[in-house]
Structure formats: C-alpha cells, structure tokens
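Coordinate analysis (summary)
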Amino acid sequence: MADVDATSIYGTLNLMILRALADEDRHGLGVQRRIEAQTEGRVTVEVGALYPALHRLEAEGLIDGSWGVSESRRRAKFYRLTAAGRKRLKRDTARWLDHVRAVARLLGLREDPLS
Amino acid sequence: MRPPSSGRDIDDELRFHLEEEIERLVAAGHGEDEARRMVHDEAEFRRARRRCVDLERARRARRRREDVMEGTARDLRHAFRTLARSPGFTLAAVLTLALGVGANTAVFSVLDSVVLRPFPYPEADRIVRVWPAKHFNSTLALEVGRRSRSLEAVTGVSHWQLNLVGAGDPEALDAQAVHAGYFDLFGAGPRLGRAFTEEETLEGDDGVVVLSHGLWTERFGADPDIVGRTLQLDGYDHSDRTVVGVLSEDFVPPVRPDTDVWIPLRTFPGLTPGDDDTWYVTHVFGRLAPGVALDAAAGEIRSIAGGLHAEDPISVPEGDVQEAGLASLADDVVGDVRLTLWALLGAVGLVLLIACANLANLVLARGEGKTRELAVRSALGAHRIRLVRHALAESLALAVLGGAAGLGVAAAGLETLERSLQGALPRAAAVGLSGEVFLFSLAATLGAVLLFGVGPALRTTGTDLRTRLRAGRRGAGRARGGRRLNRVLVFGQVALATVVVGTAAAVGRSFVELMRTDPGFEPEGVVTVSVPLPTNRYPRGEPQRIYTAELLERVRAVPGIGEVGFIHLLPLTLSNWAFPILPDGFEPRAGEPLPSANFRVVAGDYFGALRIPLLRGELFDPATIGAEGDAVAVVNEAFVARFFPDDDPLGRTVRLFGDSPFRVVGVVGDVRQFALDREPVAEMYVPYASFSPGTIQIMARGTGDPAALGSAIRAAVWDVDPEIPVPSVRPLTDVRADSVARERLFTTLLGVFASLALLLGIVGVYGVTAYAMRSSVREMGIRLAIGARPARVLRRALGTELTPVAAGLAAGVAGVLLARRAATGFVPGVEAGDPWLLVAVVAVLGLAAALAAWLPARRITRRLDPVAVLRAE
C-alpha cells in the first residue's frame, strides 16, 4: 500500500482522531504521531487538516480540549474523548467495516479482507 | 462545553507542535536551523491557523445567539413574576391592550374576509363582470361571449324564486338560471352526478336541475340516490325537473350565496337578441383569456357593444354603449365596501394608538417609581442595554397577555356581530379568524409594544445617572424630559379621541337623519307577506287575476286586519321596475329614447294601508280587479311635476312602452321606493287587473302583535292554495331597518370605537395629571410655604396640565374635518357636518378632560402640608 494522506479517504480523518484518543488523552502532535505509528507510517496527517478537525470535533462535543503540561514540560492542549465521542467512534467503526466489506464484495474479492 | 478558544490559544497550540518537532529532530542530531526548515512548512501552519480561527469564530457567534435566547427567556420569566406582583397595573394594562388589539383584530378579520382574501374560484382575479350596468337576455349574453376574443366561459345569470311543491311542505327556493359555462367559470364541481351541459340549456331540453349541497342535506337528507329523481319546481318554465347533480359543499356563488338550485338559462338557437324576450339576465360573467389585460378586454366589449347597437338599436340602445365595459369580480361584488372597511380600520387603529398612549403612561409612571432602583443598579455597573431589556421584556410579557386576550375579544365581538354582518356586507358568511388575522393581531400587538414600551424604557434609563440619583434623593424623581413626553402623550390622546368621537358623532347624526327621512308612507303597524305567484299554476292573465282577488278577500277577513293592499315589489329593497313611457303631449326630442318612469302594480287598498295620501282625483275602483277593465293608472307628484307641469293630469293618457294607453285617474304623494337616501322619482301605479307581475307583496295594516298577524295571514294564504310557499313575513318597519343595515353596522361600530376612545382618553388624562401632581408636590409645597393661596396653586398646576389638552382638542377638530370627508362612504350626508355638533363634542371632551385633571389635582393640593414637604428635603 502506498502512502496515503488521511484526508484523501473521505470522512476517515475524524474516525482516526477519535481512535487515537480512545486509549489515552493526547495533544495534537500526539494524535498525529499515534496515527502515523499505528499505520506504520503509511498514513500521514497534515497539520492543516489535523487542527481544524480537532477543533471541529471539539465544537461538536465529541472531544474535549484542556491545557496541560507535556512530557517536555511545555504548555500544550490535550484532548480527551467524551462519552459522546466514544459512542460516535463505535458507530463509525461499524459503518466503516460495513462500507469496506461492501466495496470488497463489489470489487469481486472473494475473501473478507478484514477477517 | 468549553468556551471557544481565542486566536492566541490557537497560536500557542500550533507553536507547541512546531517546537516539539524541532526538538525531536535536534535530539536526533540535526542542526536547529535545518530542523526548523524540515518541520516548518509555513503555508501548512498558516492554513491550519486560518481554518481554526474561522471555526472558532463561527462557534462564538452560535454561542452568542444561544446566550441571547437564554437571556430573553430569563428576562421574560422575570417579567412575568414582576407583573404578578402588581396585579392592579397588570390588569389595567392587559385590559387596555386587549380592547385595542381585539377591536382592531375584529375589524381586520372582516376586512380580510370581505376585501383582501381572493374569491375561492380558479383564477379568480381574471373573472370579470361583463357590462355591469346592463340587463341582458339569454341570446344577447351568449352573443357578446361569441363575439369576444378576450373572454372565455361567458355565462349569464338570472335570479329566481322557485316553489318546490309536491314533496312535503312547499318551500320557496332561491334559484340561479345560468348558462353551462357557469360551472367551469366558478370551478363549481359536482359532489354527486354532474353539472348540466350546453345542450341542456336549449329550449325544450332544459328540464334539469343541480342542487346545492345545503339543500341536498337539509331537504333530502343527503339521499345518495337523488340523481335521476324528478322534482316539481314551479316558477321558471318547466315544472318537472330531473336532478342531474349536487354541487360540492365548499362552492359558494359570488352573488346570492344562499342559492339552493341551479337551472339552465334557456337558450334559443336561431333567435337574435331582438327576438328573445328573456330580459331578466342581470349578471353576465366571463374569464379574461390568458395574457389579456382588463383594459384591453373592456375596449373590445365597448366595440362589440357599438356593433350590436348598429345592428339593433332597440336591444342595445345608445346609452348602453356608453356604459359597456368590464368590472373585476372583486370590484363588482365588494366595490365601495372596500373603502369603508379601510376607513373603519383607520378609526379603530386610532383607538389602539390611544390605548398605547395610556399604556406608555402606565409604564412611565411605574418606571419613575423604579428610577432610583434603576439608577442604583446602573451605578453598580449594570449595562444600560440590560436595563432596557428588562423594561422591554416586561412590555413583551404584557403584549403576550394582552394579545391573547385581544384575540378572545375579537372572537367574541365577531360572534356578536355575525348577524348584523350577514345583512350588511357581501361575502360576510366567510368572516372569521384566520392565520392572516392572527398575524395581523400579532403585528398590532408588537407595534403597540414598540409604541408604549421602548420609549419609556429608553427614557427611564437614559438620563444622566447623577442627576437621577440626586433627584431621587430629593423625592422629585421626574426629569424635565419625562414631563415633556407626558404632555405629548396627553396631546396625542386628546387629539385622537377628538377625531374618533367627532367623526362618530357626525356619522351617528347623519344616520339618525337618514332614519328620520320621511319615506312618504307610514311603516309602523304594517305587516308584509311576500307571496310568489307560480306561473305554471296561475298563468298570466285571468287565472292570476282570479287568484289575486280571492287572496285579497281572504286576507281582509283576517281578524285584527284593517286596510289591505298588494304591491308587486317591496319598497326600500333596492328593487325596481322602470319602463319607457310616452305621456300625452310629451314630445321626446329627435333621436332620444322615450323617458322612463318607475312602474308598480298594486291591488286593494294599498295606498290606504301605507297611508300614502291621495292628492287629486280618485284611486282605482276595487272592482277593476277581476274584470277586463278600463286601463287606468295613478301617478305620483314627481310624475306630474315632470310630465304635466302646467296641466291637469287627470284624464290624460300615458302610453306604456309608447303604445299601451293608461288613463290617469289620480295623483298620490311621493314615496321613496328604492332606498331611504334616494329622492322620489316619477312613478306610475297600475292595478293587477291590467298587468300580471308574478309576485305579490301583501301589505296589511293591523293592530296587535305583528308576528301573530303574520301567521294569521300566512294561514289565509294557505287557505286559498296550500301549495303556495310563504317565504317571509316581515313588519314593514323591519324592511326599513334592514334597508340601512350596512349604515347601521358602521354607525354602531364607530359608536363603540368612539366610546372606547373617550373612555381610554379620559383615563389617560386622569392618570397623567394625577402623576404630574404627585411629582410636583415639592414645587407646590414651596409655593404654599411662601404664602401662595391654595386655589391659586391649584389653578396654576391645572393650567400646566390642560395646555396640551387644549392643543389636542384643536388638532382633533382639524382631524375631524378631514375624517368627515373620508366618512361619507359610511352614511350619506356626513360631509356636510354640523358645526354645533362639533362644538358639543369638543365641549364634552374638554369638560371630561378638565374633570379628569381636576379630581387628582384637588385631592393632592388639599392634603398638601408645606411643612412636611420641606422637611422631606
């Protein structure tokens, strides 16, 4: 798989951000690093897309930002997944799977790529 | 949820990202500048920042809106609590508002249903009445439609009363004889069966009838098998008619909304307009063809009229060509009522303004009481806008209560008015509250709030803080601006009240004059009973004469009845027959048509029953009824004045239609036949013995209860023939009263509005004066302390308060003079006016205002103790 810009797959950046925050509160850079690490560097998230997405999710009440101190003792804004965000993550994950299975079937792949 | 972040927050967040990354690269062994270059894609960060800032800005805006709404709800809750704490003020304010808004809403709903709402027909704005002034016959109506390229679905309408007999009690039905295009033109779809076709209007094939939904349900119990049944309907040619359909429930005809049945207006193929004697077609309607303007179509109708006149100058005389044209359906049906209703809305709008001025006073007075509180609060840092919002919320809360109560007042008022509306206005059946009315009411209420709420709110919070704190301490919490505003309010109220009361008085007086107009007969004590004479049962000529004679005999025998006579048209009902005549020795100028005179058919002692004096000669010999007599006529004074000014009219001959001769045997007094406000015109009376008009109005003078007399006469009518329906028994005084129903309605309404205006105006003056007196207690106290006499102080204070009243009266008089001109549509003769009446109105209003000012002023100066006042300093 070639390198992918996170915004090139419609609607998945939000899902990735929610997933990145599911186990731990992170600042923007932390979210970016987490996504890149989890996908072994295949998916890159640009700053110009990441921060607006974080702010939009915050406005929707799916994540909650607050200022704290980073490991490097710098002032940083950390984001936390809210209860609504957790619910949305669950729902969108299921949808994503449905979508991928459907496309796989459409493309004539005999085996389920996700199993 | 967290508050939106600022631009600086976003910068901090992005800087952290940048610096952290650089640090990582430096730790990995890159030089700092190199690391910065590697991380810092400047455009990318700028984009991130810009998008975040936009997002946050939108978020802030949304939050502000939510804040405003929450704040408003809080303010309103607070306002309702405050209002509940002062129930007296609240009740006064809500009542005032309810009366003002209610009266406006009621008048507007009448205006809305009668004038503004389009007629419920397809493309109603393209429906026109053809040649409104002309009477047509069936052939001529169709001929005009055939020649016109700018009109479609042209149909003639004529009105009949048919007698439904042979199935239960005989019943008189209102019928419209129409061409087949009628149903298409007015979108009158069938509920059952079908409408009749063009073929079924042909003579011989026209034994069909279409029923109204109302008749079908009430008379026939909504019988689903009614179509195909044969009904016996007397009065217009065919007696037996087959029911072909029932119209849908929501169809209301544009004229005579209570029509029960529709029958074909007979057409005669091959006849020319000159050969067709169906000259009873009173209305011809059509629809403008697509893309044709009213003016263009009217021009075409004029030229068609010109052509018809050239072909047949008798059927379409010169005068008719002058009147040829078109009127939109709205103009034709609603016409001059439009202006009157708008004028009425104007009058009731003035009442609302007076009510608003009162409310403003109330709110101001309360505001003054709260001045110190407000001053302290704004000194403590409350924003002015916030204080204004509180005041506004209170007005809004009042508006909600007052507006709701106003709708109630309007609904109740309309219910009370319902009967008077029906008799007085076209389209009155549709009057009721609707969405538009509700919106209007809301707008009126909000307008009122703006008028009485905002001004005072700005004023009480507007003056300089320190001035107010100081003034408050001294106990005279009234800035000069407040007094000015109060005076303006008093001036306005008095002026508006004068306009409304003065106009109402002028209209009322004209109405009384109208009612006092001597119609030329004495309606008191006369009962009228209208009897249709079905031509199938009693063909014109001998059978009708025999029936008439027998009926007269029977009615005369009814106990309690004095003089009895018949006439074929009830007076004062806007109905008339006028025919061309040629009096002896009268030379019509060449090329001019014969002069015309009103024509009435009478029998028995008609003139005696109505106390119409015989001035010369004699009346008909009663024996002329029933005998093929000598053709004689009685004429009125106006007739003599016009046609025999110098000679003795007795024994002269008048040729009806220029040929049939009638010998004048007597002269009677003039009568206002058409309407109370129409001068009498030349008129001739002939006996039933020589003319069979088809209807009989029994006029019986008697003693005792008119209702009992009516039933006795009805019994006598049925004694002669049980198949004759008796549609209406009315005292002649009721006929006179109904003839001015519209004038009475408007006069009454205006009277009610004037009472409201007077009441509200007086309450307003009282309130303002009481308030002004209270707040100038200190000044008066000082005057008394330095030796002024109490009476002088009182006079002085009153003088100050009554100046705006006097100015208001003067302005009001000017207003009345203007309004009277606008009110001529209400009742004839208003414009002339009566200077003494205006003087009286001014005197009454002035006295009322003086009293309203004097009462509180006296109370306060009496109790005034200069020592106490000065000590309070």
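Source: prediction; values computed, not measured. (Residues numbered from 1 in each chain as written. Chains lettered and ligands numbered in written order. Predicted model: local features only at pLDDT ≥ 70, side-chain atom pairs only at ≥ 80, totals over all residues. Heavy atoms only, no water.)

**Quick look at the overall build of chain A**
The helix and strand tally for chain A stands at four helices and five strands. Reading chain A from its N end, one meets helices and strands in the order β-α-β-α-β-α-β-β-α. Looking at chain A as a whole, 41% of its 115 residues qualify as buried. The contacts of chain A with a sequence gap of at least 6 include a subset with a gap of at least 24, amounting to 46%. Total accessible area computed for chain A in this model is approximately 6,800 Å², and 51% of it derives from carbon and sulfur atoms. (Helix = DSSP H or I, 4+ residues; strand = E, 2+ residues; numbered from the N terminus. Buried < 20%, exposed > 50% of the residue type's maximum accessible area, 1.4 Å probe, protein only. Contact = heavy atoms within 4.5 Å. Areas by Shrake-Rupley, 256 points an atom, 1.4 Å probe, with all protein chains shown as cover.)

**Considerations on the overall build of chain B**
Within chain B, the secondary structure is distributed over 26 helices and 21 strands. In chain B, which comprises 873 residues, the proportion classed as buried is 50%. Summing over all exposed atoms, chain B offers an accessible surface of approximately 39,700 Å²; the carbon and sulfur share of this is 56%.

**Brief notes about the packing of aromatic side chains**
Residues and elements named next belong to chain B. In the structure shown here, the tally under the stated rule is 23 aromatic pairs over all chains. On the numbers, 4.0 Å between centres and 5 degrees between planes, the contact of F108 with F440 is stacked. Of the two residues, F108 sits in helix α4 (residues 87-116) while F440 sits in helix α14 (residues 435-462), which places them 332 residues apart along the sequence. The buried category is assigned to F108, whose relative accessible area is 10%. (Phe/Tyr/Trp six-rings, centres within 6.5 Å; stacked < 30°, edge-to-face > 60°.)

**Digging into the pairing of strand β13 (residues 578-583) of chain B**
Residues and elements named next belong to chain B. Side chains F579, I581 and P583 project from β13 onto a buried face, and the interleaved A578, P580 and L582 project onto a face without burial. Looking at chain direction, β13 and strand β14 (residues 596-604) are connected through three bridges and run antiparallel. Each residue of the ladder has a partner; that of P580, found in β14, is S596. Where β13 and strand β17 (residues 653-656) come together, three bridges link them in antiparallel fashion. Pairing of L582 across the sheet is with R655, part of β17. (Pairing = 2+ DSSP bridges.)

**Description of the sheet that holds strand β4 (residues 63-69) of chain A**
Strands in a sheet are paired, the pairing made by backbone hydrogen bonds, and the direction either parallel or antiparallel. The strand order β2-β5-β4 (chain A) describes an open sheet built from three strands, whose pairing is antiparallel. Unpaired on one side and paired on the other, β2 (26-27) and β4 of chain A mark the two borders of the sheet. Pairing analysis gives seven bridges linking β4(A) to strand β5 (residues 75-81) of chain A, with the strands arranged antiparallel. What sits directly across from A:G65, in β5(A), is A:Y79. Across the face of the sheet, helix α1 (residues 7-27) of chain B comes into contact with β2, β4 and β5 of chain A while running at roughly 95 degrees to β5(A). (Axes fitted to C-alpha atoms, helices over the stretch in contact; angles between N-to-C directions.)

**Brief notes about the nonpolar core**
Residues and elements named next belong to chain B. Within the largest apolar cluster, 105 residues are counted, with the highest numbers of intra-cluster contacts made by F183, L425, Y685 and F753. Not counting the four nearest positions on each side in its chain, Y685 is found in contact with I567, R600, V602, Y606, F607, F620, V632, A633, V634, V668, V671 and Q673. Counting 43 residues, the second-largest nonpolar core is a separate cluster that includes I581, F599, V667 and I724. (Core = buried A, V, L, I, M, F, W, Y, C linked by side-chain atoms within 4.5 Å.)

**So, the side chain of A:R26**
Residue and element names in this part refer to chain A. Residue placement: R26 occurs in strand β2. Residue classification places R26 among the buried residues on the basis of a relative accessible area of 11%. Polar contacts involving the side chain of R26 include one to the main-chain carbonyl oxygen of A20, which spans 2.6 Å. Residues contacting R26, with those up to four places away along its chain left out, are A20, L21, V31, R34, K77, F78 and Y79. (Polar contact = N/O pair within 3.5 Å; in protein donor to acceptor, adjacent residues only side chain to side chain.)

**Let's talk about a positive patch on the surface**
Together, B:R74, B:R77, B:R81, B:R85 and B:R386 give the surface a local cluster of positive charge. For the positive patch, the element with the most residues is helix α3 (residues 42-85) of chain B, which contributes four residues. (Patch = residues over 30% accessible without salt bridge, like charges linked within 9 Å, V, L, I, M, F, W, Y side chains within 5 Å. Salt bridge = Lys/Arg side-chain N within 4 Å of Asp/Glu carboxyl O. Lys, Arg positive; Asp, Glu negative; His and termini not counted. Charge placed at Lys NZ, Arg CZ, Asp CG, Glu CD.)

**Concerning the pattern of salt bridges**
Applying the stated criterion across every chain yields a total of 43 salt bridges over all chains. One salt bridge in this structure joins B:E171 and B:R219, with 2.7 Å as the shortest N-O distance. Within this pair, whereas B:E171 is found in strand β3 (residues 171-178), its partner B:R219 is found in helix α7 (residues 213-220), the two being separated by 48 residues in sequence. Here B:E171 falls in the partly exposed class, since its relative accessible area comes to 29%. Overall, B:R219 belongs to the partly exposed group, its relative accessible area being 22%. Among the salt bridges present, the one from B:D584 reaches B:R652, with a minimum N-O distance of 3.6 Å. Residue B:D584 is found in the loop between β13 and β14, and its partner B:R652 is found in the loop between α19 (637-643) and β17; the two are separated by 68 residues along the sequence. Judged by relative accessible area, which is 35%, B:D584 ranks as partly exposed. Beyond isolated ion pairs, a larger network of salt bridges with shared partners links A:E58, A:K77, B:E56 and B:R59.

**Observations regarding the packing of helix α3 (residues 47-59) of chain A against α1(B)**
Running from N to C, α3(A) and α1(B) point in directions that differ by 135 degrees, and their axes come no closer than 12 Å. The orientation of α3(A) relative to α1(B) falls into the category oblique. Two packed elements cross with a definite hand, and for α3(A) against α1(B) that hand is right-handed. Residues A:V47, A:Y51 and A:H55 of α3(A) touch α1(B), and the partners they reach there are B:I10, B:E13, B:L14 and B:H17. Within the contact of α3(A) with α1(B), the residues separate by chemical class into four nonpolar, two polar and one charged. (Parallel < 35°, antiparallel > 145°, perpendicular 65-115°, else oblique. Left-handed = near helix turned anticlockwise from the far one by under 90°. Nonpolar A, V, L, I, M, F, W, Y, C, P; charged D, E, K, R; others polar.)

**Comments concerning the packing of helix α1 (residues 12-20) of chain A against helix α2 (residues 28-38) of chain A**
Residue and element names in this part refer to chain A. The N-to-C vectors of α1 and α2 enclose an angle of 100 degrees; their axes lie 9 Å apart at closest approach. Between α1 and α2, the interaxial angle falls into the category roughly perpendicular. Across from M16, I17 and A20 in α1, the residues of α2 making contact are V31, R34 and I35. The residue makeup of the contact of α1 with α2, split by class, is five nonpolar, no polar and one charged.

**Here's the deal with α1(A)**
Residues that lie three or four places apart on an α-helix share one face, since the helix turns once every 3.6 residues. Taken across its nine residues, α1(A) has seven buried, putting it largely inside the fold. Along α1(A), the residues that are buried comprise A:T12, A:L13, A:L15, A:M16, A:I17, A:L18 and A:A20.

**Details of α7(B)**
For α7(B), the set of buried residues is B:H213, B:L215, B:W216 and B:F220. Residue B:G221 follows α7(B) closely and has a positive phi angle near 55 degrees.

**Points about the interface of chain B and chain A**
Residue-level contacts link 24 residues of chain B with 26 residues of chain A. Taken together, the links from chain B to chain A amount to six salt bridges. Here B:E20 makes a salt bridge to A:R74, at a shortest N to O gap of 3.0 Å. At the junction of chain B with chain A, the criterion picks out 12 residue pairs in polar contact (both at pLDDT 80 or more). Mapped by element, the contributors of at least two residues to the side of chain B that touches chain A are α1 and α3 of chain B. For the side of chain B that touches chain A, the element with the most residues is α1(B), which contributes 12 residues. The residue inventory of the side of chain B that touches chain A, partitioned by class, reads eight nonpolar, two polar and 14 charged.

**Focus on the environment of A:V69**
All names here are of chain A. Secondary-structure assignment places V69 in strand β4. Remark: the alpha-carbon pair of V69 and H27, spanning 42 residues in sequence, is separated by 9.9 Å. In this structure, V69 is in contact with R74 and F78, ignoring residues within four places of it in sequence.

**A closer look at the confidence of the model for chain A**
Reading predicted coordinates in detail is not appropriate for stretches of low pLDDT. Per-chain confidence: chain A averages 85 in pLDDT, with 85% of residues scoring 70 or above. Mean pLDDT across the elements of chain A ranges from a minimum in strand β1 (residues 4-5) of chain A, with 58, to a maximum in β2(A), with 94. (pLDDT = per-residue confidence, 0-100.)

**Some words on the confidence of the model for chain B**
Residue and element names in this part refer to chain B. Scored by pLDDT, chain B comes out at a mean of 83, with 91% of its residues at no less than 70. Low pLDDT, under 50, characterises residues 472-478; the stretch is placed with 15 contacts to residues that sit more than four places away or in other chains. Among the scores for the predicted complex, ipTM is 0.86 and pTM is 0.69.

**Overview of a nonpolar patch on the surface**
Residues and elements named next belong to chain B. On the surface, L396, F438, L439, L442 and L446 cluster together into a nonpolar patch covering about 440 Å² of accessible area. Examining the composition of the nonpolar patch, we find that four residues originate from one element, α14, more than from any other. By the element assignment, L396 lies in helix α13 (residues 384-424).

**Things to note about the environment of B:A506**
Residue and element names in this part refer to chain B. Relative to the assigned elements, A506 resides in helix α16 (residues 480-516). Each C-alpha atom of the pair A506 and L837 lies 7.3 Å from the other, and the pair is 331 residues apart in sequence. With near-sequence residues (within four places) excluded, A506 lies in contact with R820, V830 and L837.

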